[in-house]
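Residue-level listing of the chains:
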Protein chains: 2
Amino acid sequence: MSKQDRITPRTLKGFRDYPPELALPRERIIETARHVYRSFGYAPIDTPALEYLEILTGKGSEETDKQLYRFTDHGSREVGMRFDLTVPLARFAAQYAQQLGLPFKRYHIASVWRGENPQKGRYREFMQADFDTVGSTGVASDIETVVVLHTLLRACGFERFAIRINHRGVLDGVLDKAGLAGRSAPVLRALDKLAKIGPEKVAEDLKQTAEASATQIDAVLQFASLTGENATLLAEIQRLVAGNATGEAGLERLRETLTGVAASQIDPGGEAAVRIDPAIARGLDYYTGLVLETLLTDLPGIGSVASGGRYDNLAGLYTSQSLPGIGASLGVDRLLAAMEELGQTGAARTPADVLIVYFAEDRLADYLRLSATLRAQGIATELYPEPKKLAKQLQYADKRGFRVALIAGPDELARDECQLKHLATSEAISTPLADVVTTVRRLLDSI
Amino acid sequence: MSKQDRITPRTLKGFRDYPPELALPRERIIETARHVYRSFGYAPIDTPALEYLEILTGKGSEETDKQLYRFTDHGSREVGMRFDLTVPLARFAAQYAQQLGLPFKRYHIASVWRGENPQKGRYREFMQADFDTVGSTGVASDIETVVVLHTLLRACGFERFAIRINHRGVLDGVLDKAGLAGRSAPVLRALDKLAKIGPEKVAEDLKQTAEASATQIDAVLQFASLTGENATLLAEIQRLVAGNATGEAGLERLRETLTGVAASQIDPGGEAAVRIDPAIARGLDYYTGLVLETLLTDLPGIGSVASGGRYDNLAGLYTSQSLPGIGASLGVDRLLAAMEELGQTGAARTPADVLIVYFAEDRLADYLRLSATLRAQGIATELYPEPKKLAKQLQYADKRGFRVALIAGPDELARDECQLKHLATSEAISTPLADVVTTVRRLLDSI
């Protein structure tokens with residue numbers, strides 16, 4: 001092929017590749033999410049990346065409609081790529097309501113696509129890890145949602161984060177008392193931007209989109225700015241919603257949620273906290289109860305890495321069956337971006353611990369047997385594929401991040417021995433082949 | 001919402017949903033592939049679902065071009081959804097050749113899309129699990145490719161399958177001696193259909209597309225119909241390629257591959273065999289060495305569940321750097337379809353073992369604590385989210401496939417006890433709360 005016929009290898013704007021040094025920690029997040037969700041009884045589902053366009057449009061916001069990847073397929077069908085995992089869940093739950101039975105607890109870990117303008121750490125394709133309990137209105141699911149997220153963040157290696165919770169009932173109570181009852185949708189959408197754009201701009205927004213008066217704006221912003229320990233906030237909110245049934249019921253539910261979280265032995269105090277935050281509103285109209293976001297203490301600027309809330313009716317657009325529930329979504333790629341920024345992704349580019357050096361060309365069978373022996377004992381082992389120079393193979397081992405190199409030349413093999421090189425320290429030891437598994441294990445444990 | 005405004009919840013033609021009873025065994029296949037690939041030192045990568053159209057077109061066959069999901073994106077770019085994982089690997093390897101270093105061993109488990117006419121067990125979206133060693137020409141990688149597939153199929157629970165191997169050098173030698181040297185591309189494409197359409201139609205195809213004479217067709221079909229033990233076939237092929245350098249080199253390589261496989265302790269005899277099959281050609285032009293397919297003994301009609309081969313140059317369309325290598329692909333969803341048909345998918349619809357019954361409304365904190373205790377010991381445990389009637393909760397446990405139900409009413413809790421119900425046998429036993437982990441474990445082990 002001539003040079004000018006060649007195609008430049010490149011990725012689309014706003015998309016990214018995951019080389020091993022990123023794919024390895026990303027798989028760790030995915031595996032951790034799967035493990036944690038499963039440990040609470042959430043079952044996996046998967047749905048197609050493509051849906052009928054009518055399933056997807058008008059289900060998120062005007063913005064998601066605009067960002068939708070849509071086209072006409074080979075059969076002249078109008079189709080779109082999913083932009084979240086909630087709409088597919090709604091469609092799925094409506095379609096199989098009879099077979100599924102309720103409550104239905106599912107997790108779904110998959111990529112979604114949004115043609116938004118790429119920003120630092122945000123791409124047009126990103127992976128989410130959602131979990132939902134559909135068909136339950138009980139507080140036990142509210143509690144569990146918080147506990148799952150807490151367990152998950154901890155299991156991903158985060159020690160400093162805050163799960164910030166609020167309740168739409170409390171917000172409604174406050175708005176009701178401020179005379180904004182009919183305008184909660186625009187008010188909450190404005191409030192949702194508080195952390196991003198600040199109180200002045202939210203005030204402007206409230207005036208314009210919700211036609212709120214100065215007094216009303218004050219009431220909303222004052223409530224949203226409340227800070228303090230959970231006990232203090234519960235008391236303050238009590239005072240603010242007093243006499244309003246919706247507000248008081250929401251507050252009671254928030255209280256029960258915190259009590260349940262405390263009983264769940266996740267140690268939510270200290271630096272991995274569960275905190276009431278009156279400013280958490282969530283933009284979407286369909287939330288009706290608990291709402292939550294998760295901020296990393298060391299990277300607040302990256303925004304919420306896991307968010308969700310309770311809804312009264314998941315799938316009203318597709319079925320007459322009322323499907324209340326609660327769920328949350330971990331932004332896998334946003335969490336990965338956070339780990340990159342915090343230097344937590346590590347440098348390893350191989351999942352294997354041991355590299356067997358292909359030293360003597362005619363001893364391949366021995367190296368194959370040794371590889372099989374180590375693998376059979378659960379030790380991930382790579383055999384270098386060609387009898388290149390020792391130095392080159394050791395350089396490869398270093399660069400990829402193997403921890404141990406196994407070297408066995410004809411002399412060593414004749415003595416039923418091999419050499420093990422601990423790559424971080426360059427220390428080398430001899431071991432009888434009969435003891436190779438034990439010795440490798442000891443080396444790996446000691447590192 | 002009025003009934004007539006509702007949207008019918010449905011999936012696109014040729015696409016399917018994965019409910020828990022399918023998603024659970026599918027995740028088992030994916031986890032097994034990941035584990036096996038990692039144990040041999042393959043590292044994960046991921047690439048976008050969407051690529052520039054020019055990256056994708058003309059890289060597979062005319063058919064894949066026709067089946068491509070393509071459209072114009074928001075920025076007026078011509079884009080397409082990937083139809084396999086080999087083209088993205090080629091683009092990736094060319095783009096990062098400098099950073100990656102060679103050899104580069106990667107696996108990639110992801111969905112691909114082809115707008116082909118759906119058939120039984122085949123869909124327009126399906127998941128593949130590819131692994132490749134790029135940058136190596138050694139026989140060790142040929143051997144490893146076979147060993148990985150064998151290990152993987154076994155780990156997925158298959159006992160009866162055959163990895164059928166052949167070598168393009170052998171095929172070329174035979175064609176060369178038959179005077180078909182310049183026509184190997186159409187001949188191999190015709191031969192690739194042998195199992196599907198039979199020798200008569202292949203003969204017709206050879207006549208038309210490769211202008212083969214009756215004698216030449218005979219030579220090709222006679223070679224492709226050879227059967228027997230590996231040793232017999234090696235001798236027969238030796239006779240057929242004698243004097244042809246390409247054919248003899250290919251045969252020697254096939255022999256070395258089998259010797260290496262035998263040294264790798266995977267027990268490839270008996271019902272999980274590695275067999276020479278002269279009829280294996282693989283349709284794609286770019287294979288140049290070992291080619292292989294995997295057939296399930298009990299479901300030959302489903303076709304190959306894992307295929308691959310060696311190539312001289314992975315990414316010639318994108319880079320001047322020569323990238324030889326070898327790889328294979330497991331068809332995750334085809335293997336799942338096979339498991340469904342063979343009744344190997346199981347009936348469980350939950351990943352958890354234990355359901356804690358929410359018995360007494362005011363004892364939620366106790367149930368939360370119990371759930372946490374079991375989970376902390378690695379026992380996946382679901383707490384029923386609402387204090388519904390016992391019978392209803394036990395029915396739920398049965399239907400989902402939980403193995404143990406934990407029941408603790410106020411009386412039992414007052415005595416620091418609970419009841420464990422073994423759901424398959426309906427046997428119930430009492431246990432002190434202090435022993436709950438041990439007793440649950442004993443019950444689970446005994447089932």
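Because the structure is predicted, anything quoted here is derived from the model rather than measured.

The rules behind the values
- Residues numbered from 1 in each chain as written.
- Chains lettered and ligands numbered in written order.
- Predicted model: local features only at pLDDT ≥ 70, side-chain atom pairs only at ≥ 80, totals over all residues.
- Heavy atoms only, no water.
- Salt bridge = Lys/Arg side-chain N within 4 Å of Asp/Glu carboxyl O.
- Helix = DSSP H or I, 4+ residues; strand = E, 2+ residues; numbered from the N terminus.
- Buried < 20%, exposed > 50% of the residue type's maximum accessible area, 1.4 Å probe, protein only.
- Contact = heavy atoms within 4.5 Å.
- Buried area = accessible area lost by both parts, 1.4 Å probe.
- Nonpolar A, V, L, I, M, F, W, Y, C, P; charged D, E, K, R; others polar.
- 1 Å grid on protein atoms, 1.4 Å probe; cavity = no way out; pocket = protein on both sides within 12 Å on 5 of 7 lines; lining within 4 Å.
- Points joined across faces, edges and corners; volume = space filled by probe spheres on them.
- Domains from an automatic or database assignment.
- Least-squares fit on C-alpha atoms with pLDDT ≥ 70 in both.
- Phe/Tyr/Trp six-rings, centres within 6.5 Å; stacked < 30°, edge-to-face > 60°.
- Lys NZ or Arg CZ within 6 Å of the ring centre and 35° of its normal.
- UniProt positions renumbered as here; feature names shortened; annotations may be inferred.
- Pairing = 2+ DSSP bridges.
- Axes fitted to C-alpha atoms, helices over the stretch in contact; angles between N-to-C directions.

Just to check I follow, could you spell out the pattern of salt bridges for this structure?
One pass over the full model with this rule turns up 52 salt bridges over all chains. The partner of Arg 369 of chain A in a salt bridge is Asp 366 of chain A, and the shortest N-O contact between them spans 3.8 Å. Here Arg 369 of chain A pairs with Asp 366 of chain A, and both are found in helix 14 (residues 364-376), just 3 residues apart, close to one helical turn. Of the charged contacts, one joins Asp 205 of chain B and Lys 193 of chain B as a salt bridge, the two residues approaching to 2.8 Å between their closest N and O atoms. Pair noted here: Asp 205 of chain B is in helix 9 (residues 194-210) and Lys 193 of chain B is in the loop between helix 8 (184-191) and helix 9, with a separation of 12 residues, a long-range link. Judged by relative accessible area, which is 36%, Lys 193 of chain B ranks as partly exposed.

Explanation requested: the interface of chain A and chain B in the structure shown.
By a widely used convention, the size of an interface equals the accessible area lost when the partners come together. Contact residues are listed per partner, giving 107 residues for chain A and 107 residues for chain B. Summed over both partners, the interface of chain A with chain B comes to about 8900 Å²; 57% of that surface belongs to carbon and sulfur atoms. Across the contact surface, chain A and chain B share 12 salt bridges. Among the residues making up the side of chain A that touches chain B, the classes are represented as 52 nonpolar, 25 polar and 30 charged.

Can you help me understand empty space enclosed by the protein in this one?
Over the atoms, a rolled probe matching the size of one water molecule traces out where space is still vacant. Going through the model one piece at a time under the given rule, you end up with 6 cavities of 30 Å³ or more. Roughly 660 Å³ of internal volume is contained in the largest cavity. Along the walls of the largest cavity sit 38 residues, with Ile 109 and Met 127 of chain A together with Ile 109, Ala 110 and Met 127 of chain B positioned nearest its centre. Within the lining of the largest cavity, the residues separate by chemical class into 20 nonpolar, 6 polar and 12 charged.

Mind showing me how you'd approach the domain arrangement of chain A here?
As far as domains go, chain A holds domain 1 (20-341) and domain 2 (354-446). Using C-alpha coordinates to define each centre, domain 1 of chain A is positioned 49 Å away from domain 2 of chain A.

Can you walk me through the relation of the copies chain A and chain B in this structure?
A rotation about an axis combined with a shift along that same axis relates the two copies of the chain. Once turned by 180° and shifted 0.0 Å along the axis, chain A lies on chain B with an RMSD of 0.0 Å. Those values place the two copies in the arrangement expected of a two-fold rotation axis. Relative to the rotation axis, the C-alpha of Phe 71 of chain A is the closest in chain A, positioned 3.0 Å from it. The share of interface residues of chain A whose copies in chain B are also at the interface is 100%, consistent with both copies meeting through the same surface.

So what exactly am I meant to see when it comes to the packing of aromatic side chains here?
The description of an aromatic ring pair rests on the distance of the ring centres and on the angle between the ring planes. The tally for this structure, following the rule as stated, stands at 27 aromatic pairs over all chains. Arranged with centres 6.2 Å apart and planes meeting at 20°, the rings of Phe 92 of chain B and Phe 104 of chain B form a pair that is stacked. Highlighted residues: Phe 92 of chain B in helix 4 (residues 86-95) and Phe 104 of chain B in strand 5 (residues 104-113), separated in sequence by 12 residues. A single burial state applies to Phe 92 of chain B and to Phe 104 of chain B, both of which are buried. Each residue in the set Phe 15, Tyr 69 and Phe 71 of chain A together with Phe 15, Tyr 69 and Phe 71 of chain B is aromatic and connected to the rest through ring pairs, giving one cluster. Here Arg 26 of chain B stacks its cationic end above the ring of Tyr 18 of chain B, 3.8 Å away from the centre of that ring. Lying over the aromatic face of Phe 40 of chain A, Arg 375 of chain B brings its terminal NZ or CZ to 3.6 Å of the ring centre.

Hey, could you run me through the environment of Ile 326 of chain A in this one?
All names here are of chain A. Residue placement: Ile 326 occurs in strand 11 (residues 325-331). Put simply, Ile 326 and Thr 137 are 189 residues apart on the chain and 8.2 Å apart in space, counted from C-alpha to C-alpha. The contacts of Ile 326, once residues within four sequence positions are left out, are Phe 131, Asp 132, Thr 133, Ser 141, Asp 142, Thr 145, Leu 290, Gly 309, Arg 310 and Tyr 311.

Would you explain helix 13 (residues 332-341) of chain B in this entry?
Given 3.6 residues to a turn, an α-helix orients residues that are three or four positions apart in the same direction. Residue and element names in this part refer to chain B. Of all 10 residues in helix 13, 7 are buried, a share of seventy percent or more. Among all positions of helix 13, only Val 332, Asp 333, Leu 335, Leu 336, Ala 337, Ala 338 and Met 339 are buried. Following helix 13 by one or two positions, Gly 343 has its phi on the positive side, about 70°.

Can you help me understand the UniProt feature "binding site: L-histidine" (unreviewed entry) in chain A in this one?
Residues and elements named next belong to chain A. In this structure's numbering, the residues bearing the UniProt feature "binding site: L-histidine" (unreviewed entry) are Asp 84, Leu 85, Thr 86, Arg 114, Gln 128, Asp 132, Arg 282, Tyr 286 and Tyr 287. Summarising the element assignment, Leu 85 is placed in the loop between strand 4 (78-81) and helix 4 (86-95). For Leu 85, a relative accessible area of 0% corresponds to the buried category. Other than its neighbours up to four places away in sequence, Leu 85 contacts Arg 106, His 108, Ala 110, Val 112, Gln 128 and Asp 130. Position of Asp 132 relative to the elements: it lies in strand 6 (residues 125-134). Classification of Asp 132 by relative accessible area gives buried; the value is 5%.

Explain the sheet that holds strand 14 (residues 404-407) of chain A here, please?
Hydrogen bonding along the main chain pairs the strands of a sheet, whether they run parallel or antiparallel. Residues and elements named next belong to chain A. Spatial ordering of the open sheet is given by 13-12-14-15-16, a layout of 5 strands whose pairing is mixed. Every interior strand has two partners, whereas the edge strands, strand 13 (381-383) and strand 16 (427-432), have only one. Strand-to-strand, the axes of this sheet are offset by a mean angle of 25°, without reference to chain direction. Note: strand 14 against strand 15 (residues 417-422), 4 bridges, orientation antiparallel.

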